[in-house]
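Take a look at the letters that make up each chain.
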Amino acid sequence: MQLASVTVDPAFVVGPVRRRTFGSFVEHLGRCVYTGLHDPGHPTADADGFRGDVVDMVRELGVSTVRYPGGNFVSGYRWEDGVGPRVDRPVRLDLAWHSTEPNTVGVDEFVRWARKAGVEPMMAVNLGTRGIQEALDLLEYCNVRGGTAWSDRRRANGAEQPHGIRMWCLGNEMDGPWQLGHKTAHEYGRLAAETARAMRQLQPDLELVACGSSGPGMPTFGEWERIVLGETYDVVDLVSAHAYYCEEDGDLASFLASPVDMDHFIESVVATADAVRAARKADKRIHLSFDEWNVWYVKRAESRPPSGDDWPVAPVLLEDRYNVADAVVVGNLLISLLRHTDRVHAASLAQLVNVIAPIMTEPGGRSWRQTTFHPFALTARHAAGEVLRVAIDAPAHDTARFGPVPLVDAVATYEPDAGGLVLFAVNRSTAGPVGLTVDLRGFPALRVVEALTLSNPDHTWSATADDAKTVLPRRNPSATRDADGVRVELPPVSWTMLRLERSG
Ligand code: AHR
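Residues numbered from 1 in each chain as written. Predicted model: local features only at pLDDT ≥ 70, side-chain atom pairs only at ≥ 80, totals over all residues. Heavy atoms only, no water.

1. Some points on the site of the ligand
The test is simple: Whether a residue is near a molecule or strand is decided by its heavy atoms; if any one of them lies within 4 Å of it, the residue is near. By the criterion applied in these results, polar contacts are pairs of N or O atoms within 3.5 Å in which, for protein atoms, one can donate a hydrogen and the other can accept it, and in which residues neighboring in sequence qualify only through two side-chain atoms. Polarity classes work like this: nonpolar for Ala, Val, Leu, Ile, Met, Phe, Trp, Tyr, Cys and Pro, charged for Asp, Glu, Lys and Arg, and polar for all others, with Gly in that last group.
Neighbouring the ligand are the residues Phe25, Glu27, Gly71, Asn72, Trp97, Asn172, Glu173, Tyr244, Glu292, Trp296, Gln351 and Ile356. One nitrogen or oxygen atom from the side chain of Glu173 is found 2.7 Å from an oxygen atom belonging to the ligand. With respect to the ligand, the side chain of Gln351 contributes an N or O atom lying 3.0 Å from an oxygen atom. Broken down by class, the residue content of the shell around the ligand amounts to five nonpolar, four polar and three charged.

So this is what it looks like as structure tokens:
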């Protein structure tokens, strides 16, 4: 068996665990909203038509913020279509996903759903086909108490209290040629800066996110961030990052190493933001909103929108079925996000329901948890206090996409007052188990209270609606504590959580 060690020490603090790291994303795309969140005929539906079983699962998942309403959808969206009496709401073509948008759910319903699910809504404005005025109108509708045209419209529509939305995304993936109204970095940078300035004139304490480029593989990446932040530095707080990973050509080892790419991506955006900071001699730092990340099999047929004359409502789109290896990668991507908690101040697992999602539903029927649900839910529930960087000594293996990569990755969180320590670790080996020694000499009084491992002899196993009772992850009986630390066996292709508490 291969051996590895990690050393955890209370002195290696990166920064606080941020609840907003555990955000997610709801887009008007496929069956995310309609028959996902919203299904009026469902036995658990509330007066608004929102499924109670899904709300319960969202709470169990531990989601903090939810970004809405897109994604590519937002770049052609007229938010006014989705407010007011339902009978008066227009039906529109959604060009981004070649679908028909009935506008049954809009901003007021979404905010009511968010309150019910206990999540913070995070709103995106359309900077594709629209601009400053429409963004201001939406902000006024949402956040002004009353006594103005748009705020009184909200009150007349049943929302007496303002929605109080703090986080706003200034458009979506504006460098992508697929984006309605996509722009050059200079064009977008100017528009984002002027929109941000105007929104702050209305409400100075907003938290505003400028679009970073739409992925680390984009030809625009890097230069886009430099130019956009050059225009927007003083008026935004965060820059977005988006990344999706998948197994390609059966190359599991490279896929499992995807978090190496996320680490590198984050560090590149931080470096660019800090270069702009240095050039401007600014004190302020720009942080990252990693507001789309996940495993997404983008080349599969179900990722292709309908075409021709077919403009369906809520078609089956991007309904990836996740296996155990996908869940291990999701767990490891969370390790990467936590490790960068000093600069990643928000993140959104894209998406929440049905569309590349941890939660799946049948229209009018059952709902279930995908494999990826579990590492997210456990990390969201148990990561607390401070993030600790851990020193890892692990053998490496060669990967075609990322070169030599350590077999083990890990991060820890620690609550000094309560004495709770949690280690999240993965074994990326496809060949065999790794015997992991966790050096805990800095924590002599802690004992293991829980050791859970997500793995399966068949890493291609996926959950279906029939597997509602399948327990994942399972207790790892190999974890033992001695004076120096913990020894635990990590199966191949696995994600593990070790929880320790003060004895007595
Ligand atoms: O999450 C699916 C899509 O991925 C989003 O609409 C878009 O922003 C990204 O390209």
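Moving on, there is more to tell.
2. Things to note about the side chain of Thr272
The cut-off we apply is this: We count a stretch as a helix when DSSP gives it H or I for four or more residues in a row; a strand needs E for two or more, and each element gets its number in order from the N terminus. Each residue gets one of three labels from its accessible area relative to the maximum for its type: buried under 20%, exposed over 50%, partly exposed in between, using a 1.4 Å probe on protein chains only. Residues are treated as being in contact if the distance between any of their heavy atoms lies within 4.5 Å.
Turning to its location among the elements, Thr272 is positioned in helix H8 (residues 258-280). The class of Thr272 is buried, set by a relative accessible area of 17%. At a separation of 2.8 Å, a polar atom in the side chain of Thr272 contacts the main-chain carbonyl oxygen of Ser268. Discounting residues that sit within four places of it in the chain, Thr272 has contacts with Gly222, Glu225 and Arg226.

3. Topic: helix H9 (residues 324-339)
Short version of the rule: Helix span, as expected, comes to 1.5 Å for every residue beyond the first.
Its 16 residues give H9 an end-to-end C-alpha distance of 23 Å, which sits within 8% of 22 Å, the value for a rise of 1.5 Å per residue. Summarising burial for H9: 16 of the 16 residues are buried, a large majority. For H9, the N-terminal cap is Asn323; the gap from its side-chain oxygen to the backbone nitrogen of Ala325 is 3.0 Å.

4. Description of the sheet that holds strand S9 (residues 207-210)
Under the convention used in this document: Each pair of strands is called paired provided DSSP finds at least two bridges between the two strands. Axes, fitted as lines to C-alpha atoms, cover a helix only where it is in contact. Angles between the N-to-C directions of the axes lie from 0 to 180 degrees.
The strand order S3-S4-S7-S8-S9-S10-S11-S12 describes a closed barrel built from eight strands, whose pairing is parallel. Pairs of neighbouring strands in the sheet enclose a mean axial angle of 30°, with direction left out of account. Two elements, strand S3 (residues 23-25) and strand S4 (residues 65-68), share two bridges in a ladder whose sense is parallel. The residue of S4 that forms the bridge with Ser24 is Val66. Against the sheet, helix H5 (residues 185-202) touches strand S7 (120-125), strand S8 (167-170) and S9, its axis set at about 150° to S8.

5. Observations concerning the sheet that holds strand S26 (residues 494-502)
With respect to topology, seven strands assemble into an open sheet ordered S2-S15-S19-S20-S26-S22-S23, the strand pairing being antiparallel. Because the sheet does not close on itself, it has two edges, and the strands there are strand S2 (13-16) and strand S23 (474-475). Two strands pair when backbone bridges link them, and strand S15 (residues 386-388) and strand S19 (residues 408-415) are joined in this way by three bridges, in the antiparallel orientation. When the bridges of S19 are listed, Leu388 appears paired with Ala412. Contacting S2, S15, S19, strand S20 (420-427), strand S22 (446-454) and S26, H9 crosses the sheet at an angle of about 55° to S19. Of the strands in this sheet, S19, S20, S22 and S26 touch helix H10 (residues 373-382), which is tilted by about 20° from S26.

6. Some points on H5
When the terminal C-alpha atoms of H5 are compared, their 26 Å separation across 18 residues agrees well with the 26 Å that a helix rising 1.5 Å per residue should span. All of the buried residues in H5 are Ala185, Tyr188, Gly189, Leu191, Ala192, Ala193, Thr195, Ala196, Ala198, Met199 and Arg200.

7. Comments concerning the pairing of S20
By the criterion of burial, S20 is predominantly enclosed, with eight of the eight residues buried. Going residue by residue along S20, you find Gly420, Val422, Phe424 and Val426 tucked away on one face and Leu421, Leu423, Ala425 and Asn427 tucked away on the opposite face as well. Where S19 and S20 come together, eight bridges link them in antiparallel fashion. Note that in S20 the partner of Val408 across the bridge is Asn427.

Read these as geometric descriptors, not functional statements.
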